[in-house]
Amino acid sequence: MSTDTRPSETVLDLAIEGMTCASCANRIERKLNKLDGVTATVNFATEKAHVTAPAGTDAAVLIDTVEQAGYAAHVPAPPGDDEEDEPAGRTHEPTDALRRRLLVSGALTIPVIAMAMIPALQFDYWQWLSLTLASPVAVWGALPFHRAAWTNLRHGTATMDTLVSIGVLAAFGWSVYALFWGAAGVTGMTHPFTFSIERMDGTANIYLEAAAGVTTFILAGRYFEAKSKRRAGAALRALLELGAKDATVLRDGVETLVPIGDLAVGDEFVVRPGEKIATDGVVVAGQSAVDASMLTGESVPVEVRSGDPVAGATVNAGGRLVVRATRVGADTQLSQMGRLVEDAQAGKATAQRLADRISGVFVPIVIAVAVGSLGFWLGTGQPASMALTAAVSVLIIACPCALGLATPTALLVGTGRGAQLGILIKGPEALEHTRTVDTALLDKTGTVTTGVMTLQAVHAAKGETADEVLAVAAALEAASEHPIARAVVRAAPEPLAPVDDFAAVPGLGVRGAVGGRAVTVGRPSLLDEARMPLPDDLRASFDEAQHRGQTPIAVGWDGAARGVVVVSDEVKPTSREAIARLRGLGLRPIMLTGDNEPAARFVAAQVGVDEVIAGVLPAQKVEAVRRLQADGRAVAMVGDGINDAAALAAADLGIAMGTGTDAAIAAADLTLVSGDLSTVVDAIRLSRRTLGTIKANLFWAFAYNVAALPLAAAGLLNPMLAGAAMALSSVFVVSNSLRLRNFRPQKGY
């Protein structure tokens, strides 16, 4: 995909394959930026490179540069093409290969670990069965780590992949040497439980369980990470699926159903009540109410008539419309929202893994200690086998068994506990931002409020009752499909009186006969036409409701205005408490909504929010997020609508209500299944606790390695002591992670 930004520049996106960590993304980025006139940003989460290059730059040059760095790249197909190209009944899932690698490695590793750790299973020649089972794991299962380590070596860097590869190859290589050329291959060889610290010849010991176990544990962590990372592009796919698939085009007065891709600028198409508008355009005939909440967040449908613009994917809630297409394909507002989401995700900084940063220092130290240990013992006249034992022991003890469990176990327990509480955590990146957020941007419609129009009040004229006004209004509105009408009908008691001579006046209201009375319901101007002006008391009630951002409807019959019915989007009962708890957590709440200022201010006052940013479109929501970030704020965005998706992706922490749209959920870092705003506080608390557990696990995993290295270098580490220490460190990591099951939601504020 490429688009011209200026005559001298071209912007290209490349899909990158083969990245295993954030440092891979940094390496590719540096390589691309060395090209003349090229500015590139590489996102590990979305697996894409966003490149600005001189006009006429061949994508093949950029792809070749990426391949020189040790990775694969290609120009991605336009959205939707990949699905069409798939054979019927088949879907392509990039994590399938990793899943197969994990399942095969796991099945082979379990008996290897069992035989190594349980003496009763160490029958004659058990070590040879272990070699048979562990070989595919150490070679094929760990192949991604070996490849990454080779790439790192070529570029003079070290990551956790380097550490894993060295540890696995050292443990496996020494085991093969001990079995074929040492004493480990003899009949009846066992691993006795001896914990003495003494200098020894290690050729009677094998470490196959370490090689296979580390590979499987870390493959499991990479698989779950890849699954969560795969969701990064789901927001764009969800947005694209929201658009209409077909359009009813008017050609020579005949209605013809055509695929949306065949629609051209200037075509006129029909939109019936309840249908999605196929693409951006201008109304040329008809009047109706259009639900544009996906774009604006406005809970009340917008009345449109001839000459008014409409956006694709919005819903026609009223009468028949004829629309002339003004923008199609990539130019529509829906596609622009998709680009906003993609750009926000591409610009979202992915924190480099803590394990990689530590590995960058730890790996060179381990190699230096191993080489130094080998040289020292050879220099002091010790046998070569003993010197080699000490050197290999250093590499084996550095093999990160507990490190492989540190992140996945904490994530597994933390996300599992979160799921029990209705909190879905996408992955490690989501956790890294929860500890720093200090500002909470809250969408109004569907987040702070229910997003459904409900009856708020009925004001009756003198001599009338509120029940009578509501019953008459509901009887007439029952024949209408307008969302405001449905709110009135839901609030009225059954049964409703029958209606005759019903007529809708688009944009103004409805008329009809209810129980022999000529009834008009709608705007005051419609009642004025029928010579039923609002008296002063009803006018005051009408104006007050409008000032609050509510929607008042005038009701009149038999030549006089009889009442005013008020509907509005209702505040969720838990919202005020939730916002107070957010303040208690140290966050500054701000309401960010596309709804009008009076409605936003009225709701904000009800829930205790002082700052309001109202009347903003999706792009302006993203601007608000970035403006706060530029001021040094770490921003959490809470929303539920399509219009929130780009802001959710751009925020440091995106939190979506599970009752909202797929696009919002896909773009967010955390999802609240219940749609209850009070769960936001618990989500942040749980995420922070899980992140703290991951860091504690990483600390103890590396601390074990560092503490044991001197013993290994001194040649004082026998296999059972090493195995026991490795097992104990793993047990500690798992036990520490299991403490997350005790997390409890916060009560009160």
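What counts as what
Residues numbered from 1 in each chain as written. Predicted model: local features only at pLDDT ≥ 70, side-chain atom pairs only at ≥ 80, totals over all residues. Heavy atoms only, no water. Helix = DSSP H or I, 4+ residues; strand = E, 2+ residues; numbered from the N terminus. Buried < 20%, exposed > 50% of the residue type's maximum accessible area, 1.4 Å probe, protein only. Contact = heavy atoms within 4.5 Å. Areas by Shrake-Rupley, 256 points an atom, 1.4 Å probe, with all protein chains shown as cover. Axes fitted to C-alpha atoms, helices over the stretch in contact; angles between N-to-C directions. Parallel < 35°, antiparallel > 145°, perpendicular 65-115°, else oblique. Nonpolar A, V, L, I, M, F, W, Y, C, P; charged D, E, K, R; others polar. Pairing = 2+ DSSP bridges. Salt bridge = Lys/Arg side-chain N within 4 Å of Asp/Glu carboxyl O. Phe/Tyr/Trp six-rings, centres within 6.5 Å; stacked < 30°, edge-to-face > 60°. UniProt positions renumbered as here; feature names shortened; annotations may be inferred. Arc of directions from axis to C-beta. Polar contact = N/O pair within 3.5 Å; in protein donor to acceptor, adjacent residues only side chain to side chain. Expected span 1.5 Å × (residues − 1). Core = buried A, V, L, I, M, F, W, Y, C linked by side-chain atoms within 4.5 Å. Domains from an automatic or database assignment.

Here we look at the overall build of the protein chain
Now for step 1: Assigned secondary structure in the protein chain consists of 27 helices and 27 strands.
Now for step 2: Buried residues in the protein chain amount to 52% of all 749 residues.
Now for step 3: Put simply, of all contacts in the protein chain between residues at least 6 apart along the chain, 69% involve residues at least 24 apart.
Now for step 4: Of the roughly 31600 Å² that the protein chain leaves accessible, carbon and sulfur atoms contribute 57%.

A word on the packing of helix H21 (residues 575-584) against helix H22 (residues 597-607)
Now for step 1: It is at 8 Å that the axes of H21 and H22 come closest, and there the two elements cross at 70°. As judged from the angle between their axes, H21 and H22 are roughly perpendicular. Residues Ser575, Arg576 and Ile579 of H21 form the contact with H22, whose own contacting residues are Ala605, Gln606 and Val607.
Now for step 2: Across the contact of H21 with H22, the residue classes break down as three nonpolar, two polar and one charged.

Some remarks on the pairing of strand E16 (residues 439-442)
Now for step 1: Of the two faces of E16, the one lined by Thr439 and Leu441 and the one lined by Ala440 and Leu442 are each fully buried.
Now for step 2: Bridge count for E16 against strand E23 (residues 588-592) is four bridges, and the pairing is parallel. By the bridge assignment for E23, Leu441 is matched with Ile590.
Now for step 3: Bridge count between E16 and strand E25 (residues 635-639): four bridges; the pairing is parallel.

Comments concerning the pattern of salt bridges
Now for step 1: According to the stated counting rule, one finds 18 salt bridges in the structure shown.
Now for step 2: Among the ionic pairs, Glu255 bridges to Arg320, the shortest N-O distance being 3.1 Å. On the criterion of sequence distance, the pair formed by Glu255 in strand E7 (residues 254-259) and Arg320 in the loop between strand E13 (315-316) and strand E14 (321-327) is long-range, its members being 65 residues apart.
Now for step 3: When its relative accessible area of 44% is taken as the criterion, Arg320 is described as partly exposed.

Let's talk about unusual backbone geometry
Now for step 1: Looking along the chain, the bond that leaves Glu494 and enters Pro495 is cis, with omega of -5°.
Now for step 2: The residue Pro495 is located in the loop between helix H18 (483-491) and strand E18 (499-505) in this model.
Now for step 3: Unusually for a residue other than glycine, Asp501 sits at a positive phi of about 55°.
Now for step 4: For Asp501, a relative accessible area of 68% translates into the label exposed.

A word on the sheet that holds E13
Now for step 1: As summarised here, the arrangement of the three strands in space is E11-E10-E13, forming an open sheet in which the pairing is antiparallel. At either margin of the open sheet sits one strand with a lone partner, and together these are strand E11 (302-304) and E13.
Now for step 2: Inspection of the sheet shows strand E10 (residues 288-291) paired to E13 by two bridges, in the antiparallel sense. When the sheet's bridge partners are listed, Val290 is paired in E13 with Asn316.

Side note on the packing of aromatic side chains
Now for step 1: Throughout the structure, instances matching the rule amount to five aromatic pairs.
Now for step 2: Ring centres of Tyr177 and Trp181 lie 6.1 Å apart, and the angle between their planes is 25°; on these two criteria the pair is classed as stacked.
Now for step 3: Consider the rings of Phe180 and Trp181, whose centres lie 5.9 Å apart with planes at 50°: the pair is tilted.
Now for step 4: Note on Trp181: relative accessible area 63%, which makes it exposed.

Some words on the UniProt feature "transmembrane region" (unreviewed entry) in the protein chain
Now for step 1: When the UniProt feature table is mapped onto this chain numbering, "transmembrane region" (unreviewed entry) sits at residues 102-119, 125-143, 163-184, 204-224, 358-378, 390-413, 696-714 and 720-738.
Now for step 2: For residues 125-143, the end-to-end C-alpha separation is 27 Å, with 89% helix and 0% strand making up the annotated structure.

Side note on the sheet that holds strand E20 (residues 517-522)
Now for step 1: Here we have six strands laid out as an open sheet, ordered E17-E22-E21-E20-E19-E18, and antiparallel in their pairing. One side of each edge strand has no neighbouring strand; the edge strands of this open sheet are strand E17 (449-460) and E18. Pairs of neighbouring strands in the sheet enclose a mean axial angle of 20°, with direction left out of account.
Now for step 2: Its contacts with the sheet put helix H20 (residues 536-547) on E17, strand E21 (551-557) and strand E22 (560-571), and the angle it makes with E22 is roughly 20°.

Description of helix H2 (residues 59-68)
Now for step 1: Regarding H2, the residues found buried are Ala59, Leu62, Ile63, Thr65 and Val66. Each buried residue of H2 lies within a common arc of 155° when the element is viewed along its axis, so the set occupies one face.
Now for step 2: The opening residue of H2 is Asp58, an N-cap whose side-chain oxygen sits 3.0 Å from the backbone nitrogen of Ala60.
Now for step 3: Directly beyond the C-terminal end of H2, a positive phi value near 100° is found at Gly70.

Observations regarding helix H23 (residues 618-630)
Now for step 1: When the terminal C-alpha atoms of H23 are compared, their 19 Å separation across 13 residues agrees well with the 18 Å that a helix rising 1.5 Å per residue should span.
Now for step 2: Taken as a whole, H23 has its buried residues at Pro618, Lys621, Val622, Ala624, Val625 and Leu628. The arc enclosing the buried residues of H23, seen along the axis, measures out at 155°, which places them on a common side.

Re the pairing of E22
Now for step 1: Burial analysis of E22 places ten of its twelve residues in the buried class, which makes it a mostly covered element.
Now for step 2: The pairing of E17 with E22 spans eight bridges and is classified as antiparallel. Bridging across to E22, Ala460 finds its partner in Gly563.
Now for step 3: Both E21 and E22 contribute to a ladder of seven bridges, which runs antiparallel. Residue Gly556 lies in a different strand from E22, and its bridge partner there is Ala561.
Now for step 4: Once E21 ends, the chain turns through two residues before running back antiparallel as E22, passing Asp558 with a positive phi of about 50°.

Description of the environment of Asp501
Now for step 1: Its location among the elements puts Asp501 in strand E18.
Now for step 2: Along the primary structure Asp501 and Ala513 are separated by twelve residues, whereas in three dimensions their C-alpha atoms are 6.1 Å apart.
Now for step 3: With residues near it in sequence (within four places) discarded, Asp501 still touches Arg511 and Gly512.

Quick word on the side chain of Ser175
Now for step 1: You can see Ser175 is positioned in helix H7 (residues 160-180).
Now for step 2: Accessibility expressed as a relative area gives 0% for Ser175, which makes it buried.
Now for step 3: In contact with Ser175, other than residues within four places in its own chain, are Ile206, Tyr207 and Leu208.

Here we look at the nonpolar core
Now for step 1: Formed by 43 residues in total, the largest nonpolar core has its most connected members in Leu442, Leu582, Met591, Ile655, Leu677 and Val680.
Now for step 2: For this core, the element with the most residues is helix H26 (residues 679-713), which contributes eight residues.
Now for step 3: There are two domains that each give this core at least three residues, and those are domain 2 (95-233 + 347-410 + 694-740) and domain 4 (428-448 + 572-668).
Now for step 4: Aside from chain neighbours lying at most four places away, what touches Ile655 is Met637, Val638, Gly639, Leu648, Ala668, Leu670, Leu672, Val680 and Ile684.
Now for step 5: Counting residues in hydrophobic clusters, the runner-up holds 34 residues, among them Met160, Ala210, Ala212 and Ala220.

Section: the packing of H21 against H26
Now for step 1: Axis separation between H21 and H26 bottoms out at 8 Å; the angle between their running directions is 30°. In terms of axis orientation, H21 runs roughly parallel to H26. Residues Ala578, Arg581 and Leu582 of H21 pack against Val680, Val681, Asp682 and Ile684 of H26.
Now for step 2: Split by residue class, the contact of H21 with H26 holds five nonpolar, no polar and two charged.

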